[in-house]
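The residues making up each chain are set out below.
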Amino acid sequence: MKTIAVIGAGTMGNGIAHTFAQCGFPVKLIDISEKSLEKGMATIATNLDRMVAKGSITEEDKHKTIGNIITYTDIKDGVVGCDLVIEAATENVQLKFNIFKQLSEVCDHNTILATNTSSISITQIAANVVHPERVIGMHFMNPVPIMKLVEVIRGYNTSDEVTKIIMELSCKLGKIPTEVNDYPGFVANRILMPMINEAIETLYNGVGGVYEIDTVMKLGMAHPMGPLQLADFIGLDVCLSILNVMYDGFKNPKYAPCPLLVNMVMAGKLGVKSGEGFYDYSESKKAEKVSKQFSK
């Protein structure tokens, strides 16, 4: 692997680009929006500044990392000469299908095509590609530069060779890759999302309040943050999307999203990204103030 392309300059995309660039890989960061690219690069610079302030990298390391990233607004131009393309666009099935269909047309047949999807079938995505054996899932965790796990998902046709390359590459990034098979939600979200959904059901049924539910899980189960705070951090729209994928995939009612979650997403209460979810983030990005809707 020499040159990496990352499609999508949002939270996950810029985090993935940052991580590869910091490890010395030339990275092509692609997004159709110039504004998104500028915001993504600003986020990378801010995160690198934090690392410099903590003494984990030097000022020279920061400049080298930024220098390793070139931005593009056209997929065709951005993927030229790349050995690996990682799609990190919005978690939308049709959008991902369209991107991979385009990648199949413009990329060399030897280029490995990866997706950062958190729940959508790798096999379905690969069905849009010539040589589907080169399609694989690389599910990074947020925030990407800090979190160690990469969930490596094999589609039905993913080759042993491609899987081996991606597992080894993840190790070179200082990550710990875990190989799983292609079923809705994979491992991470198949376990996490029902827990988050059950926490929302617990709130919806009046068993406990937001603070109380999160406190029980943090102090009683040693979770670093409560499930409602975590849902806000992930984005309630993303949680709903993943639950819907699992519900559609398994046809099992235990994956059906809680009506409270559905209503909050419809009302635009998406968590940190919108300024309010289960907590109020108008004054702080930390979950310190319970949203007025759920305050006693």
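Residues numbered from 1 in each chain as written. Predicted model: local features only at pLDDT ≥ 70, side-chain atom pairs only at ≥ 80, totals over all residues. Heavy atoms only, no water.

**So, the overall build of the chain**
When helices and strands are tallied, the chain shows 12 helices and eight strands. The C-alpha radius of gyration computed for the chain amounts to 19 Å, which stays within 12% of the reference 19 Å derived for 296 residues, consistent with globular compactness. Based on the C-alpha atoms only, the size of the chain along its principal axes is roughly 55 × 45 × 35 Å. Scored against the burial criterion, the 296 residues of the chain give a buried share of 48%. The contacts of the chain with a sequence gap of at least 6 include a subset with a gap of at least 24, amounting to 64%. Counting every atom, the chain has about 14,400 Å² of accessible surface; 55% of that belongs to carbon and sulfur. For the chain, the distance from the average site of its 28 positive side-chain charges to the average site of its 32 negative ones is 3 Å. (Helix = DSSP H or I, 4+ residues; strand = E, 2+ residues; numbered from the N terminus. Rg over C-alpha atoms; globule rule 2.2 N^0.38 Å. Buried < 20%, exposed > 50% of the residue type's maximum accessible area, 1.4 Å probe, protein only. Contact = heavy atoms within 4.5 Å. Areas by Shrake-Rupley, 256 points an atom, 1.4 Å probe, with all protein chains shown as cover. Lys, Arg positive; Asp, Glu negative; His and termini not counted. Charge placed at Lys NZ, Arg CZ, Asp CG, Glu CD.)

**Structural notes on the UniProt feature "domain: 3-hydroxyacyl-CoA dehydrogenase NAD binding" (unreviewed entry) in the chain**
Within this numbering scheme, the UniProt entry marks residues 3-182 as carrying the feature "domain: 3-hydroxyacyl-CoA dehydrogenase NAD binding" (unreviewed entry). As a span, residues 3-182 carries 43% helix and 21% strand, and end to end its C-alpha atoms are 27 Å apart. (UniProt positions renumbered as here; feature names shortened; annotations may be inferred.)

**A look at the sheet that holds strand β2 (residues 27-30)**
Read across the open sheet, the eight strands follow the order β3-β2-β1-β4-β5-β6-β7-β8; overall the sheet is mixed. Each having just a single partner strand, β3 (69-72) and β8 (176-181) make up the two edges of the open sheet. Taken pair by pair, the neighbouring strands of this sheet meet at an average axis angle of 25°, ignoring direction. As paired strands, strand β1 (residues 4-7) and strand β4 (residues 84-87) are joined by four bridges and run parallel to one another. Each bridged residue has a counterpart across the sheet, and for Val 6 the counterpart in β4 is Ile 86. Sitting on the sheet, helix α5 (residues 93-106) touches β1, β4, β5 (112-115) and β6 (135-140), and the angle it makes with β5 is about 170°. (Pairing = 2+ DSSP bridges. Axes fitted to C-alpha atoms, helices over the stretch in contact; angles between N-to-C directions.)

**Concerning the UniProt feature "site: Important for catalytic activity" (unreviewed entry) in the chain**
UniProt records the feature "site: Important for catalytic activity" (unreviewed entry) at His 139, using the numbering of this structure. Mapping His 139 onto the fold places it in strand β6. His 139 has contacts with Thr 115, Asn 116, Thr 117, Ser 118, Leu 149, Val 150, Glu 151, Ile 153, Ala 188 and Asn 189, leaving out every residue within four places of it along the chain. At a separation of 2.8 Å, a polar atom in the side chain of His 139 contacts the side chain of Glu 151. (Polar contact = N/O pair within 3.5 Å; in protein donor to acceptor, adjacent residues only side chain to side chain.)

**Examining the nonpolar core**
Soluble globular proteins tend to pack their nonpolar side chains together in the buried interior. Among the nonpolar cores identified, the biggest contains 34 residues, and Phe 20, Leu 84, Ile 86, Phe 140 and Ile 166 are the most heavily contacted of them. In contact with Phe 140, other than residues within four places in its own chain, are Met 12, Ile 16, Phe 20, Ile 86, Asn 116, Leu 149, Val 150 and Leu 173. Leu 203, Leu 230, Cys 239 and Phe 278 belong to the second-largest nonpolar core, a separate cluster that totals 29 residues. (Core = buried A, V, L, I, M, F, W, Y, C linked by side-chain atoms within 4.5 Å.)

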